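Okay, here's what each chain looks like letter by letter:
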Amino acid sequence: MWKTGLLLLFWGLLTSSELQQEATKPEPRNQPPSGKLDFGYVPQGVYKTLAYYEPGVIGILFHMVHAFLYVVQPNPFPEDLVVKVAKDKFGAIQSEYQKPENIVLTLQAIYYETGFMVCAVLGLLFMVLLPLVGLFFCLCRCCENCGGEMHQRQRKNAECQRGLLTTLLFATSLIITAGVLCAYAANQNLSSQLKGMKSLVSSNLKDLQTFANETPTQIDYLIAQYATAKYTVISDLDNVGPLLGGNIHVELGTEVCPALDGVLRMAGAMRETKEALENVSVSLEVLQEATGKLHFNLSLVRSSLNRTLNDPGCSDEDSDATTAQLCRSIHSSLAQLHVSANFTRLPDVNNQLESVNQVLKTDLSNIIQKGFSSFNGTPGMVSDQMRTVVEGARGMLDVISTNISSFSKVFPLHSSLANFTNFISHTQSKIEDSYPEIDQIDFYRWICCIGLCCMVVLILAFNFLAILCGTMGYDKHASPTTRGCVSNTGGTLLMAGVGFSFLFSWILMGVVTATFLVGGNLEKLVCEPFHTKQLFKVLDTPHLVNPEWRNFIPGYMYNDSDLDLTVESFYSNCKNNRSLYSAMRLDKVFNVTTLLNSSLYTKEVVKMFDSVKIDLRGIVLLESEGKQSLIDFSETGVAEINYAAYLEEVNKGVTQVDLLSYANELEAQTDLMPKGPLQTSLKGHANSLRQIHSQLVIPMEQAMKYVRARSTLNQSIRLLERTASDLPNKITDVLKSIEAAQYLISQNATHVVIQETEKYKQTIVGYFRQYIEWVRTSLTMEVAACKPFSNIVDTVEIVACSFLVDSLNTFWFGLGCCALFLLPSIILSVKLAKFYRRMDTEDVYDDIETIPMKTMEIGNNGYHNECLQGIQNPVMTSIPAYDTMTRFPRASAPPRHIDW
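Residues numbered from 1 in each chain as written. Predicted model: local features only at pLDDT ≥ 70, side-chain atom pairs only at ≥ 80, totals over all residues. Heavy atoms only, no water.

An unreviewed UniProt entry annotates the protein as Prominin 1a of Hucho hucho. Turning to the protein, the UniProt annotation filed under Sequence similarities (unreviewed entry) states: "Belongs to the prominin family." Quoted straight from UniProt, the Subcellular location (unreviewed entry) entry for the protein says "Cell projection, Microvillus membrane". (UniProt positions renumbered as here; feature names shortened; annotations may be inferred.)

Following this line, the structure appears as structure tokens:
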């Protein structure tokens, strides 16, 4: 019955009560998520049991006992022997004892228990022989033998013997005291730890209740987190345009965007060409006007100079030779008075400008922007074409949600856990009801142990009081027959201690032997193998419980003994706080891998996306008008302009010669001529040149109007030259590029669409896989963490081994020490009592000369010399009528020299 309930509980741990979606579903995300999903942390119950025991100071005694047991039993744990005995079911050995294999097992057991058997035999001998020895000792003393006569022989080393015996007895009593304190401490430790056991048991039961209460919450949390994956998928479906369409746009954009950018650059080149042609036309007009004026003025000056040089004063025979020479030199330099840059001979660009303006009537930039807009509308186009798939996927998500939440209805988890919780409560109440009985039993045990300790304490009291009385009441001047009452009391107490030792020692040894056999074997066969995990190996031995079961836990629970589930693996997994699902291998009963197979939930998604057909033929990158505009631009005649002639004129100076230098040189030559009309006329021409230089040349070189015109003309010509360079081929390349991009979109985009759709599909499916993998990992690692079960095992070990067995072993260890040292205590007490008790007779001598020590006369023999006090010493007086041999045969014998 309980097996069925346990299976239901383990089965139910993997499912949950009906999911309260209203309360647990998360809000949908506004932005499309990416990357790994965050399902949060599975709520964990807090287990309060700390299955760890630190004995404290008494642990030293525990270690001493363990060391003693190792000396008694150094053999390793007999794993094979225990397994064989367990397999033979114990009874078979007794009924078939004569079989050779059973005899071998018996011999192996005897060999293993040799140390315990030797100690037990010694204990039994102690129990039997000591009472007999005590009986014969008493009878012997009654016959005044065995030290029973009240006479003490005087010896030379009597003082030394008494001191030695006292010291040895005191040391022995201290050892016995240590033993009884050890036993008392173990007794008290057991009682105190039994009180702590109640809280330990209570915390274990509370942890089981926490385990039962938290498991449904954890399962509900796992199911509720499906909403995280669900709303993430919905968010991605709502953003299918930016996600799927955006990725398609990016992939196609690697070829489309450069083609459109090439057309866009060509449109910019058209506008720049127009501006450059306009600049050339305006600049050329300004420069032609300025150079025309300069040319006209220079022509006038040159004509005037020519007329002046034709004056008879220069060519007449009567003229000065120097003047004639100068006139010829000036006449020869008149050819330099010309304009250098003649812009009037450059052709205009009006025809080209008109052609370009005609081309620009078609707004190519707008056409290109339409192409960009059409291409950038890929996400919207994809979103429109995916609308049916998105709606179908939404409905499928709701179906999956219903299927997942319906798992809880398959198994009666709440009823199973309710029964388990009731079982825990009932067990706790029964345990708590048994506490008074346990306390009463422990009280009786405590009384019995205290009684045993009191036996030893009584003997110790006699010993210590005897030593105290004997030491304090000792008088070195008193003879054995005249010892004081205190000293005599000490001797009497010693003999009383001897008597009680004979009465109690065999009882103590009987208790020690019995508890030694029980506690020692429990320590060596149970506790120690548990710590080394050898006990688990025994329990996990194949076919141990049932010959047909390889492993008894799966064989009993699942009827599959070949399943890899052992006691050690279950304990270790729970010790590491793994989930009950993995610790108990519940996948044999409830295979999460099968139920959480992602293909069960994603195959419909895969079918939907495999049927997707995205058509991008509606995208037009460049209309026919735009293409014609490009072709017309290549035919505007821009390439036919003579750019070399323009650049040649632009790079020339304003005049061929510096007019100011020329005027100064002309004036210098004129100064060499004789004064007259010729000189005056030539100087006037020099001044005219200076005026032309200042009024026309300098403004043309420095005025912004002319400078800007020259610069603009230079830049525009160079720009036009670059633009016109291989213009038809450039436009042809642009058109080919745009045609290739258009062909890619219209005809060859299927590969890109399929590739990106597959990636998007894997992203959607990946959310389900993440959720399912997270559920699987949580079930195997976090949900229903079985730490309470290993804590129960550890608690049983702590209570049984650390509380009971260690305390029991320490008790017999201390009590056994007391029982063993009672033997030397008895011997030492009997011998020391002679030195403390008052004797009836003592050694006497007839002749003082027979005394080997003359110091006896002054009382150094240990007796009080009454002659020194004026009293006749009867010991030293010869009494002929008193026959000491007849009355006290031993007292009349004088001491021999060897006795001193």
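Structure's up, so let's keep going.
A.B. asks: Teacher, can you tell me more about the overall build of the protein here?
C.D. replies: Scanning the protein from terminus to terminus reveals 33 helices and zero strands. Taking all 900 residues of the protein together, the buried fraction comes to 46%. Of all intrachain contacts in the protein linking residues separated by at least 6 positions in sequence, the fraction that spans at least 24 positions is 88%. Summed over its atoms, the accessible surface of the protein is roughly 45,900 Å², and 59% of this surface lies on carbon and sulfur atoms. (Helix = DSSP H or I, 4+ residues; strand = E, 2+ residues; numbered from the N terminus. Buried < 20%, exposed > 50% of the residue type's maximum accessible area, 1.4 Å probe, protein only. Contact = heavy atoms within 4.5 Å. Areas by Shrake-Rupley, 256 points an atom, 1.4 Å probe, with all protein chains shown as cover.)

A.B. asks: Looking at this structure, how should I read the confidence of the model for the protein?
C.D. replies: As a note on interpretation, predicted positions should not be read in detail where pLDDT is low. Residue-level pLDDT values for the protein average 76, and 78% of them are 70 or greater. pLDDT under 50 marks residues 1–33. Its contacts with residues more than four places away, or in other chains, come to 77 contacts. (pLDDT = per-residue confidence, 0-100.)

A.B. asks: Explain the state of the cysteines to me, please; I cannot follow it from the model alone.
C.D. replies: Cysteine pairs can be covalently joined through their sulfur atoms, and such a bond is termed a disulfide. Scanning all chains against the criterion turns up two disulfides. Between the sulfur of Cys574 and that of Cys786 lies a disulfide, 2.2 Å long from S to S. Taking the torsion about the sulfur-sulfur bond, which here is approximately -110°, the covalent link between Cys574 and Cys786 counts as left-handed. Of this pair, Cys574 sits in helix α21 (residues 567–575) while Cys786 sits in the loop between α31 (750–781) and α32 (787–836), and the two are 212 residues apart along the sequence. Take Cys453: it sits in no disulfide, and the sulfur closest to it among the cysteines is that of Cys449, at 6.8 Å. (Disulfide = S-S within 2.5 Å.)

A.B. asks: Help me understand the packing of helix α3 (residues 59–72) against α32 in this model?
C.D. replies: For any two helices packed against each other, the geometry comes down to the angle between their axes and how far apart the axes lie. Put simply, α3 and α32 touch, their axes get as near as 9 Å, and they point 75° apart. As summarised for this structure, α3 and α32 are arranged roughly perpendicular, according to the angle between their axes. Mapping the contact onto sequence places Leu61, Phe62, Met64, Val65, His66, Phe68 and Leu69 in α3 and Ser802, Asp806, Ser807, Asn809, Thr810, Trp812 and Phe813 in α32. Taken together, the residues of the contact of α3 with α32 break down into eight nonpolar, five polar and one charged. (Axes fitted to C-alpha atoms, helices over the stretch in contact; angles between N-to-C directions. Parallel < 35°, antiparallel > 145°, perpendicular 65-115°, else oblique. Nonpolar A, V, L, I, M, F, W, Y, C, P; charged D, E, K, R; others polar.)

A.B. asks: Just checking my understanding: could you explain the packing of aromatic side chains for this structure?
C.D. replies: Any aromatic ring pair is given by two values, namely how distant the centres are and how the planes are angled relative to each other. Throughout the structure, instances matching the rule amount to 21 aromatic pairs. Residues Phe170 and Phe464 carry aromatic rings whose centres are separated by 5.8 Å and whose planes lie at 80° to one another, so their mutual orientation is edge-to-face. Of the two residues, Phe170 is situated in helix α8 (residues 158–224) and Phe464 in helix α17 (residues 413–472); the sequence distance between them amounts to 294 residues. Ring geometry for Phe570 against Phe789: centres 6.4 Å apart, planes inclined by 55°, an arrangement best described as tilted. Taken together, the residues Phe570 in helix α21 and Phe789 in helix α32 connect sequence positions 219 residues apart. Owing to a relative accessible area of 17%, Phe789 belongs among the buried residues under this scheme. Lying across the ring of Tyr435, Lys198 places its NZ or CZ 5.3 Å from the centre. (Phe/Tyr/Trp six-rings, centres within 6.5 Å; stacked < 30°, edge-to-face > 60°. Lys NZ or Arg CZ within 6 Å of the ring centre and 35° of its normal.)

A.B. asks: Could you clarify how one ought to interpret helix α9 (residues 226–238) in this entry?
C.D. replies: Along an α-helix, residues three or four positions apart point the same way, because every turn accommodates 3.6 residues. In this model α9 runs 18 Å from its N-terminal to its C-terminal C-alpha over 13 residues, within 8% of the 18 Å that 1.5 Å per residue would give. Counted residue by residue, α9 has twelve buried out of 13 residues, so it is predominantly covered. Residues of α9 that are buried: Tyr226, Ala227, Thr228, Ala229, Lys230, Tyr231, Thr232, Val233, Ile234, Ser235, Asp236 and Leu237. (Expected span 1.5 Å × (residues − 1).)

A.B. asks: Where do I start with the UniProt feature "transmembrane region" (unreviewed entry) in the protein in this structure?
C.D. replies: Taking the UniProt record as the reference, the feature "transmembrane region" (unreviewed entry) is found at residues 115–142, 163–186, 443–472, 493–518 and 811–830. Secondary structure content for residues 493–518 is 100% helix and 0% strand, while the C-alpha to C-alpha distance between its ends is 36 Å.

A.B. asks: Please clarify how the pattern of salt bridges should be interpreted in this entry.
C.D. replies: Two side chains of opposite charge can pair, provided their charged atoms sit close to one another. Inspection of every chain in the model, using the stated rule, returns nine salt bridges. The residue Glu528 makes a salt bridge to Lys524 at a minimum N-O spacing of 3.3 Å. One end of the pair, Glu528, and the other, Lys524, are both in helix α18 (residues 485–532), four residues apart, so they sit about a helical turn from each other. Glu756 is the partner of Lys759 in a salt bridge, and the nearest nitrogen-oxygen pair spans 3.6 Å. Separated by three residues within a single helix, Lys759 and Glu756 lie in helix α31, roughly one turn from each other. (Salt bridge = Lys/Arg side-chain N within 4 Å of Asp/Glu carboxyl O.)

A.B. asks: Can you walk me through the nonpolar core in this structure?
C.D. replies: Here is a general trend for soluble globular proteins: nonpolar side chains tend to be buried in one another's company. Counting 114 residues, the largest nonpolar core has Leu252, Leu616 and Leu630 as the members making the most contacts within it. Apart from residues no more than four positions distant in its own chain, Leu252 is found in contact with Phe375, Leu616, Leu744, Ile745, Ala749 and Val752. Ranked by size, the runner-up nonpolar core spans 48 residues in total, among them Leu165, Leu169, Cys453 and Phe835. (Core = buried A, V, L, I, M, F, W, Y, C linked by side-chain atoms within 4.5 Å.)

A.B. asks: Any chance you could explain the packing of α8 against α9 here in plain terms?
C.D. replies: Here α8 crosses α9 at 5°, and the two axes come no closer than 4 Å. Considered as vectors, α8 and α9 are oriented roughly parallel to each other. Listed contacts from α9 to Leu222, Ile223 and Ala224 of α8 are Tyr226, Ala227 and Thr228. Looking at side-chain class alone, the contact of α8 with α9 contains five nonpolar, one polar and no charged residues.

A.B. asks: Whenever I open this one, helix α14 (residues 364–376) confuses me. Can you help?
C.D. replies: Its 13 residues place the ends of α14 18 Å apart at the C-alpha level, agreeing with the 18 Å of an ideal helix rising 1.5 Å per residue. Those residues of α14 lying buried are Leu364, Ser365, Ile367, Ile368, Gly371, Phe372, Ser374 and Phe375.

A.B. asks: Mind showing me how you'd approach unusual backbone geometry here?
C.D. replies: Leaving glycine out, the prevailing phi sign among residues is negative, and the prevailing peptide bond configuration is trans. Not every positive phi belongs to a glycine, and Lys533 is a case in point at roughly 65°. With respect to the helices and strands, Lys533 occurs in the loop between α18 and α19 (534–539). Of note, Ala784 is a non-glycine position whose phi angle comes to about 55°, a positive value. Along the chain, Ala784 turns up in the loop between α31 and α32. Overall, the relative accessible area of 3% leaves Ala784 in the buried class.

A.B. asks: What should I look at first to understand the environment of Asp220 in this one?
C.D. replies: Mapping Asp220 onto the fold places it in helix α8. Sequence spacing of Asp220 and Val42 is 178 residues, and the spatial spacing of their C-alpha atoms is 9.9 Å.

A.B. asks: What is the right way to look at the side chain of Lys230 in this model?
C.D. replies: Its place among the elements puts Lys230 in helix α9. Overall, the relative accessible area of 10% leaves Lys230 in the buried class. Once residues within four sequence positions are removed from consideration, Lys230 is found in contact with Leu397, Asp398 and Ser401.

A.B. asks: Hey, could you run me through a nonpolar patch on the surface in this one?
C.D. replies: A surface patch of nonpolar side chains, about 1,000 Å² in accessible area, is lined by Val118, Val121, Leu122, Leu125, Val128, Leu129, Leu132, Val133, Leu135, Phe136 and Leu139. In this fold, Leu132 is placed in helix α7 (residues 114–142). By relative accessible area, Leu132 is classed as partly exposed at 40%. (Patch = residues over 30% accessible without salt bridge, like charges linked within 9 Å, V, L, I, M, F, W, Y side chains within 5 Å.)

A.B. asks: Can you help me understand the environment of Val606 in this one?
C.D. replies: Relative to the helices and strands, Val606 resides in helix α24 (residues 598–610). Sequence separation between Val606 and Val765 is 159 residues; the distance between their C-alpha atoms is 8.0 Å.

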